[in-house]
Amino acid sequence: MILAIVTLLIVAFLAFSAFVAYKMVKPPRFVGDWTPKDLGYDYEDVTIETRDGLKLSAWWVPNEGPVVIPLHGYTRSRWDGVYMRQTIEFLLKEGYSVLAFDFRAHGKSEGKFTTVGERELIDVLSAVDWLKKNHPEKAEKIGLVGFSMGAVVTIRALAEDERITCGVADSPPIYLDKTGARGLKYFANLPEWLYYFVKPFTVLFSGAKELNMLEYADKVRKPLLLIAGEKDPLVRPEEVREFYERNRKVNPNVELWITDAPHVRTLKLHPEEWKARVRNFLRKHL
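Below, the structure is looked at part by part. Since we're looking at a predicted model, the values are computed, not measured.

**Focus: unusual backbone geometry**
- The phi angle at Thr75 is positive, at roughly 75 degrees, despite the residue not being glycine.
- Residue placement: Thr75 occurs in the loop between β3 (67-71) and α2 (84-93).
- Backbone geometry at Val116 places phi at a positive 50 degrees, although glycine is not the residue there.
- Turning to its location among the elements, Val116 is positioned in the loop between β4 (97-101) and α3 (120-134).

**Some points on the sheet that holds strand β2 (residues 55-61)**
- Spatial ordering of the open sheet is given by β1-β2-β4-β3-β5-β6-β7-β8, a layout of 8 strands whose pairing is mixed. The sheet is open, and its two borders are formed by β1 (44-49) and β8 (254-259), each paired with just one other strand. Each neighbouring strand pair of the sheet contributes to a mean axis angle of 20 degrees, computed without reference to strand direction.
- Against the sheet, helix α9 (residues 271-285) engages β3, β5 (142-147), β6 (166-170), β7 (224-229) and β8, with an angle of about 160 degrees to β6.

**Description of the nonpolar core**
- Counting 57 residues, the largest nonpolar core has Ile69, Leu99, Phe101 and Leu226 as the members making the most contacts within it.
- Excluding anything up to four places from it in sequence, Leu226 contacts Ile155, Ala169, Pro172, Val240, Phe243, Tyr244, Val254, Glu255, Leu256 and Trp257.
- By size, the runner-up hydrophobic cluster in this structure holds 30 residues, among which are Trp34, Leu39, Val145 and Ile227.

**Brief notes about the environment of Leu176**
- Looking at where Leu176 falls in the secondary structure, it is placed in helix α5 (residues 176-188).
- Separated by 60 residues in the primary sequence, Leu176 and Val116 place their C-alpha atoms 9.2 Å from one another.
- Not counting residues up to four positions away in its chain, the partners in contact with Leu176 are Val152, Tyr195, Leu211 and Met213.

**A closer look at the pattern of salt bridges**
- Tallied over the entire structure, the rule returns 19 salt bridges.
- Among the ionic pairs, Asp80 bridges to Arg76, the shortest N-O distance being 2.9 Å.
- A residue is classified by how much of its surface remains accessible, and Arg76, at 24% relative accessible area, is partly exposed.
- Two residues, Arg279 and Glu94, come together in a salt bridge whose shortest N-O distance is 2.9 Å. Residue Arg279 is found in helix α9, and its partner Glu94 is found in the loop between α2 and β4; the two are separated by 185 residues along the sequence.
- Note on Arg279: relative accessible area 23%, which makes it partly exposed.
- Among the residues examined, Glu94 registers a relative accessible area of 23% and is labelled partly exposed.

**Details of the pairing of β7**
- Where burial is concerned, most of β7 is hidden: 6 out of the 6 residues are buried.
- What you see with β7 is no split at all: Leu224, Leu226 and Ala228 on one side and Leu225, Ile227 and Gly229 on the other are buried throughout.
- Here 4 bridges tie β6 to β7, and the two strands are oriented parallel to one another. What sits directly across from Asp170, in β7, is Ile227.
- Of the pairings in the sheet, the one linking β7 to β8 comprises 6 bridges and is parallel in character. Bridging from a neighbouring strand, Leu226 pairs with Leu256 of β8.
- As for the winding sense of the linkage, the β-α-β connection from β7 through helix α7 (residues 237-247) to β8 is right-handed.

**Some points on the layout of surface pockets**
- Empty space within the largest pocket amounts to approximately 1,200 Å³.
- In terms of lining residues, the largest pocket is bounded by 50 residues, among which Met24, Tyr74, Val116, Gly180 and Phe187 are the most central.
- Listing elements by their share of the lining of the largest pocket, those giving two or more residues are α1 (2-25), α4 (149-160), α5 and α6 (195-206).
- Sorting elements by how many residues they give to the lining of the largest pocket places α5 first, with 9 residues.
- Its residues assigned to classes, the lining of the largest pocket comprises 29 nonpolar, 12 polar and 9 charged.

What counts, and at which threshold
Residues numbered from 1 in each chain as written. Predicted model: local features only at pLDDT ≥ 70, side-chain atom pairs only at ≥ 80, totals over all residues. Heavy atoms only, no water. Helix = DSSP H or I, 4+ residues; strand = E, 2+ residues; numbered from the N terminus. Pairing = 2+ DSSP bridges. Axes fitted to C-alpha atoms, helices over the stretch in contact; angles between N-to-C directions. Contact = heavy atoms within 4.5 Å. Core = buried A, V, L, I, M, F, W, Y, C linked by side-chain atoms within 4.5 Å. Buried < 20%, exposed > 50% of the residue type's maximum accessible area, 1.4 Å probe, protein only. Salt bridge = Lys/Arg side-chain N within 4 Å of Asp/Glu carboxyl O. Right-handed = clockwise from strand over helix to strand, strands pointing away. 1 Å grid on protein atoms, 1.4 Å probe; cavity = no way out; pocket = protein on both sides within 12 Å on 5 of 7 lines; lining within 4 Å. Points joined across faces, edges and corners; volume = space filled by probe spheres on them. Nonpolar A, V, L, I, M, F, W, Y, C, P; charged D, E, K, R; others polar.

And the structure:
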């Protein structure tokens, strides 16, 4: 009887872990009702076909300047109102053309599961493919501005795609397992230790490969602005600083700005300073 009860408890625990994992890799889709038209800019609804066969939903907003691609974070989309709308409006007012899309399994894009930065690199590379094919005159230089998961992809794209000129990485997770564990507590009020039982199921569902972001500190040789917040519950500023210190040994154009903000909230709490920093960075390198 005792063995049966213990077995039942173990099965229940594993089932709960699998349930949590499924929810993590299949987040609710965030879709809003505003468009760049509400910001005063004409735009096109476009579809980007990824290199692995998915269709991503996007806005193309032509402007006089080169292209900057804003990249949203986990569970969000181009409709996000904390940082995406403000970033898109800022970029357009600065004269940049904007291609804003929803990552796979987010917003209106296809895809069953998110891999939180691993296969999402394919989405960015495919977006650049689309630009080079459809608007080559605007895509001679391309910048990225990524938040959280989008910041991870920004760093990876700088290292892996020669067509990307520069990037801003706001609140980039460096130790993904640590951020994942903190995320269980932050998003679901679950204990951090549960993550290590949940993770194998997330890999089973999504097929995601392990990412070592510190390795990219040795690979990025292009202009990169890192932004971290002292009150970030998901990404410790010292982790971002560790990446910065390692990257600056091989990259003279890496910058680090640490603020007092929570996760991806610097733009919201310090909008004018964020805009000034990003404006100067993009004008210098794009």
